[in-house]
Amino acid sequence: MKTDQIDRKLLNLIQTDFPLSPEPYREIGEALGISEEEVLSRIRSMISNGLIRRLGGIFDSKMLGYHSTLCAMQVDQRRIDEVAAVVNSYPGVTHNYLREHEYNMWFTATAPSKEELDEFIARVKRDTGINEILVLPAQKLFKIRVNFDL
Amino acid sequence: MLSDQDRRIIKELQNGLPLASRPYQIIGFRLKMSEEELINRVSHLIKNGVIRRLGAAVRHQDLGFKANAMVVWDVPDDKICEVGGNMAGFREVTHCYQRPRQANWPYNLFTMVHGHSRGECARIAEKIAQAVGMNKYDLLFSTAELKKISMRYFE
């Protein structure tokens, strides 16, 4: 994907210091030496080409009263698509990755209550026939950094 | 406790900031709040940690960070805070969590490491291992992304 120096500076800035003031895009433009219009058009094109997934708020699910956990399971290579379809059908599954390990499917699930989260895990077991799922909720957070230095 | 208004603010902010000159005025208008009231409330929600941050979520794969490894560590329980804190200090580590061990799973500290290649991820893990004095670890490289979305709350 093609980005120039200004795009990279713009991305760095809006990942970490998006202004909470009446004219944020004008302020960003001032910091980068470009117009408000140019800031908006660059952000629009980075959203449309998928480089920016979203411009908005990132929330702490626990503070919102939600429960979440990392899960891992062992899935036969031939059943990946079928099992992924069961797991991914739940809207609270936000990430699902295949990893090189005997536990090869790793996903995160977030639900409005502990009961709903447990119910979802039970449903995955029932619908896939895979009875062992590692349930690994975070006990302590040492770091979360979601911005990347470009 | 979150008020109904807070929930509405969160729903607006998860839909995305308007790409217009006065985005907070637009959201405020939808919620029957002034621009100033909205900005003050969002600022409060950031201060108390409900909103982690405001801004862009990017696809890092497209930015040259092609490899990511989940590096899992078996750390003595009485050292977890010290070791977790040290690992969090590495700029290559984006996430660091303590999670419970299981019968078939001996690892209790999880870090995400991003690099431009697998080799780079492995070198970073080795560097961290030496720096914190922990040698029981494993790297799990991702081979496919099956789903990645932003969570939608209160829907």
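Right above here is the structure, for reference.
Scoring rules and cut-offs
Counting restarts for each chain: residues are numbered from 1 in the order of the written sequence. To read the labels, note that chains go from A and ligands from 1, taken in the order they are written. pLDDT decides what is reported in this predicted model: residues at 70 or higher carry local features, side-chain atom pairs at 80 or more are listed and counted, and totals for whole chains, interfaces and linings draw on all residues regardless. To obtain the side-chain values, all non-hydrogen atoms of the structure were included, while hydrogens and water were left out. We count a stretch as a helix when DSSP gives it H or I for four or more residues in a row; a strand needs E for two or more, and each element gets its number in order from the N terminus. For the radius of gyration, the atom set is restricted to C-alpha positions; the globular benchmark scales as 2.2 Å times the number of residues to the power 0.38. Note on classification: 1.4 Å probe, protein chains only; a residue is buried when its accessible area is under 20% of the maximum for its type, exposed when over 50%, partly exposed between these limits. Only heavy atoms enter the contact rule, under which two residues are in contact if any of them lie within 4.5 Å. The protein chains shown are the only cover counted for residues, whose accessible areas, like all others here, come from Shrake-Rupley with a 1.4 Å probe. The sign given to each residue is positive for Lys and Arg and negative for Asp and Glu; His and the chain ends receive no count. Every charge is mapped to an atom, namely NZ of Lys, CZ of Arg, CG of Asp or CD of Glu. When DSSP finds two or more bridges between a pair of strands, those strands are recorded as paired. Axes, fitted as lines to C-alpha atoms, cover a helix only where it is in contact. Angles between the N-to-C directions of the axes lie from 0 to 180 degrees. What makes a salt bridge here is a side-chain nitrogen of Lys or Arg within 4 Å of a carboxyl oxygen of Asp or Glu, nothing more. In the analysis that follows, any N or O atom pair within 3.5 Å is treated as a polar contact, provided that within protein one partner can donate a hydrogen and the other can accept it, and provided that, for residues neighboring in sequence, both atoms belong to side chains.

Comments concerning the overall build of chain A
On a plain count of helices and strands, chain A comes out with five helices and six strands. Mapped from its N terminus to its C terminus, chain A presents α and β elements in the order α-α-α-β-β-α-β-β-α-β-β. Taken over C-alpha atoms, the radius of gyration comes to 20 Å for chain A, far larger than the 15 Å a tight globule of 150 residues would show. Across the 150 residues in chain A, those meeting the buried criterion constitute 48%. Taking the intrachain contacts of chain A between residues at least 6 apart in sequence as the baseline, contacts between residues at least 24 apart amount to 61%. Total accessible area on chain A stands at roughly 7100 Å², and carbon and sulfur atoms take up 49% of it. For chain A, the distance from the average site of its 19 positive side-chain charges to the average site of its 22 negative ones is 3 Å.

Some words on the sheet that holds strand E2 (residues 67-73) of chain A
Strand pairing within a sheet occurs via backbone hydrogen bonds; the two strands may be parallel or antiparallel. Read from one edge to the other, the open sheet built from nine strands follows the order E5(A)-E2(A)-E4(A)-E3(A)-E5(B)-E2(B)-E4(B)-E3(B)-E6(A), with strand pairing classed as antiparallel. Every interior strand has two partners, whereas the edge strands, strand E5 (133-136) and strand E6 (140-144) of chain A, have only one. When the angles between neighbouring strand axes are averaged without regard to direction, this sheet yields 25°. Of the pairings in the sheet, the one linking E2 of chain A to strand E4 (residues 105-111) of chain A comprises seven bridges and is antiparallel in character. In the sheet register, Ala72 of chain A faces E4 of chain A, and the bridge partner there is Trp106 of chain A. Lying on the sheet, helix H5 (residues 114-128) of chain A is in contact with E2, strand E3 (93-99), E4 and E5 of chain A; it crosses E2 of chain A at an angle near 20°. Sitting on the sheet, helix H4 (residues 80-88) of chain B touches E6 of chain A together with strand E2 (67-73), strand E3 (93-98) and strand E4 (109-115) of chain B, and the angle it makes with E6 of chain A is about 10°.

Brief notes about the side chain of Arg54 of chain A
Along the chain, Arg54 of chain A falls in strand E1 (residues 52-59). Although Arg54 of chain A lies buried, it forms no salt bridge, and the closest oppositely charged side chain, Glu155 of chain B, sits 9.5 Å away as judged by the N-O distance. At a separation of 2.9 Å, a polar atom in the side chain of Arg54 of chain A contacts the main-chain carbonyl oxygen of Gln14 of chain B. One polar contact links Arg54 of chain A to Ser150 of chain B, side chain to side chain, over a distance of 3.0 Å. Dropping the residues within four chain positions of it, Arg54 of chain A is found in contact with Leu13, Gln14, Gly55, Ala56, Ala57 and Ser150 of chain B.

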